[in-house]
Amino acid sequence: SSCVAPLLSAAMLRALGALIVALALGKNVGLGSSSAMQSLQSELGGNLACQACSWSARSFRFVLSGKLKKKKKATPNKVRQSIEEACAEARFPKQLAVTGEEGSEEYVDFQESMQRGGVSGNLRMEPKQKENLIRACLTILQEFQEEILERASNIKGRVGGFNWDKYLCVTKAQLCRRPNFQADEDDEDEDEEL
């Protein structure tokens, strides 16, 4: 007897179900622009894939703006270096946690959250959370390296002022429906630290 392979695996059905629920609840989840982005959504869940993209875009923006003097054009070499450095473990919080219920989880800096009064709800701090974020960062920035190079070289004004979160996560990767971080958030502090 012949066996017909199912069109969708159980993992894909679960991810599709979670995406439908997230969209119905108005969560910030996109559909994923490529198979690599859809794989991230399947592995992490739609909301964490969106969050991972936003954290990656934020890290890239801070690294790139730190490499450039004010009002200088981004060279392809500096952009490539920034892509490589943006996903380094040291670029992300030492104690990265995931908080929230399934379908609405988000990455948080545990130390920063504790200074602000704590974290409510479901909290997970396994080392795999940071590993997942770094892997997602590498996947996203490598997938869109050419688009990033082109966009960075065409930015007029400060590269750090450009909303990379919106460009990468909403427009290109389509993992989010809206950006999670503001383009001007913490710019001056981060520029000075790098």
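Look up: the structure comes first, before these words.
Predicted model only: the values in this text are computed from it and were never measured.

Participant: Sorry, what's going on with the overall build of the protein chain here?
Facilitator: When helices and strands are counted, the protein chain shows nine helices and three strands. Intrachain contacts of the protein chain at a sequence separation of at least 6 include 67% that bridge at least 24 residues. Total accessible area computed for the protein chain in this model is approximately 10800 Å², and 50% of it derives from carbon and sulfur atoms.

Participant: Can you help me understand the environment of P179 in this one?
Facilitator: By the secondary structure assignment, P179 is in the loop between α8 (164–172) and α9 (187–193). P179 gets classed as partly exposed once you look at its relative accessible area, which sits at 30%. Sequence spacing of P179 and A57 is 122 residues, and the spatial spacing of their C-alpha atoms is 9.9 Å.

Participant: Can you walk me through the pairing of strand β1 (residues 96–99) in this structure?
Facilitator: It is a general feature of regular strands that their side chains alternate between the two faces of the sheet. Residues L96 and V98 of β1 are buried on one face, and the alternating residues A97 and T99, pointing to the opposite face, are buried as well. Relative to strand β2 (residues 106–109), β1 runs antiparallel, the two sharing four bridges. Directly across from L96, in β2, lies its bridge partner D109. Counted along the chain from β1 to the antiparallel partner β2, the turn is six residues long, and its residue G100 has a positive phi close to 105°. Relative to strand β3 (residues 123–124), β1 is paired through two bridges, and the arrangement is antiparallel. Residue pairing in the sheet places V98 in a bridge with R124 of β3.

Participant: What exactly am I supposed to notice about helix α4 (residues 76–86) here?
Facilitator: Spacing of three or four residues puts side chains on the same side of an α-helix, whose turn is 3.6 residues. Of all the positions in α4, only V79, S82, I83 and A86 are classed as buried. What you see down the axis of α4 is that its buried residues fit within an arc of 100°, all on one side. Against the buried residues of α4 lie α3 (46–67), α6 (127–143) and α7 (145–153).

Participant: Explanation requested: α8 in the structure shown.
Facilitator: Buried within α8 are the following residues: W164, D165, Y167, L168, C169 and V170. Taken together, the buried residues of α8 touch α3, α6 and α7. Put simply, N163 is the residue that caps the front of α8, since its side-chain oxygen is 3.3 Å from the backbone nitrogen of D165. Looking one or two residues past α8, Q174 carries a phi angle of roughly 55°, positive in sign.

Participant: Help me understand the sheet that holds β1 in this model?
Facilitator: Hydrogen bonds between backbone atoms are what pair the strands of a sheet, whose relative direction is either parallel or antiparallel. Taking strand neighbours across the sheet as the criterion, the three strands line up as β2-β1-β3 in an open arrangement whose pairing is antiparallel. The outermost strands of the open sheet, each flanked by one partner alone, are β2 and β3. Along the sheet, α3 contacts β1, β2 and β3; its crossing angle with β2, the most-contacted strand, is approximately 45°. This element, α6, spans β1, β2 and β3 of the sheet and lies at about 95° to β1.

Participant: Would you explain the nonpolar core in this entry?
Facilitator: The nonpolar side chains of soluble globular proteins are, as a tendency, buried together. Within the largest apolar cluster, 44 residues are counted, with the highest numbers of intra-cluster contacts made by F60, V79, Y107, L141, I148, W164 and L168. Secondary-structure elements contributing two or more residues to this core are α2 (35–44), α3, α4, β1, α6, α7 and α8. Broken down by element, this core gets its largest block of residues, nine residues, from α3. Ignoring sequence-local partners within four residues, the contact set of L168 consists of C53, A57, L141, F144, I148, A173 and Q174.

Participant: Is there a simple way to think about unusual backbone geometry in this case?
Facilitator: Most peptide bonds take the trans form, and the phi angle of most residues other than glycine is negative. Here Q174, not a glycine, exhibits a phi torsion of approximately 55°, which is positive. According to the relative accessible area criterion, Q174 is partly exposed, its value standing at 35%.

Participant: How do you make sense of the pattern of salt bridges when you look at a structure like this?
Facilitator: Oppositely charged side chains can form a pair if their charged atoms are brought close together. A full pass over the atoms with the stated rule returns five salt bridges. Here E43 and R135 are joined by a salt bridge, their closest N and O atoms 2.5 Å apart. Within this pair, whereas E43 is found in helix α2, its partner R135 is found in helix α6, the two being separated by 92 residues in sequence. Taking the relative accessible area as the measure of exposure, R135 reaches 35% and is therefore partly exposed. Residues K67 and E85 are paired through a salt bridge, measuring 3.0 Å at the closest nitrogen-oxygen approach. You can see K67 sitting in helix α3 and its partner E85 sitting in helix α4, a full 18 residues away along the chain. Judged by relative accessible area, which is 24%, K67 ranks as partly exposed. By relative accessible area, which is 36% here, E85 ends up partly exposed.

About the cut-offs
- Residues numbered from 1 in each chain as written.
- Predicted model: local features only at pLDDT ≥ 70, side-chain atom pairs only at ≥ 80, totals over all residues.
- Heavy atoms only, no water.
- Helix = DSSP H or I, 4+ residues; strand = E, 2+ residues; numbered from the N terminus.
- Contact = heavy atoms within 4.5 Å.
- Areas by Shrake-Rupley, 256 points an atom, 1.4 Å probe, with all protein chains shown as cover.
- Buried < 20%, exposed > 50% of the residue type's maximum accessible area, 1.4 Å probe, protein only.
- Pairing = 2+ DSSP bridges.
- Arc of directions from axis to C-beta.
- Polar contact = N/O pair within 3.5 Å; in protein donor to acceptor, adjacent residues only side chain to side chain.
- Axes fitted to C-alpha atoms, helices over the stretch in contact; angles between N-to-C directions.
- Core = buried A, V, L, I, M, F, W, Y, C linked by side-chain atoms within 4.5 Å.
- Salt bridge = Lys/Arg side-chain N within 4 Å of Asp/Glu carboxyl O.

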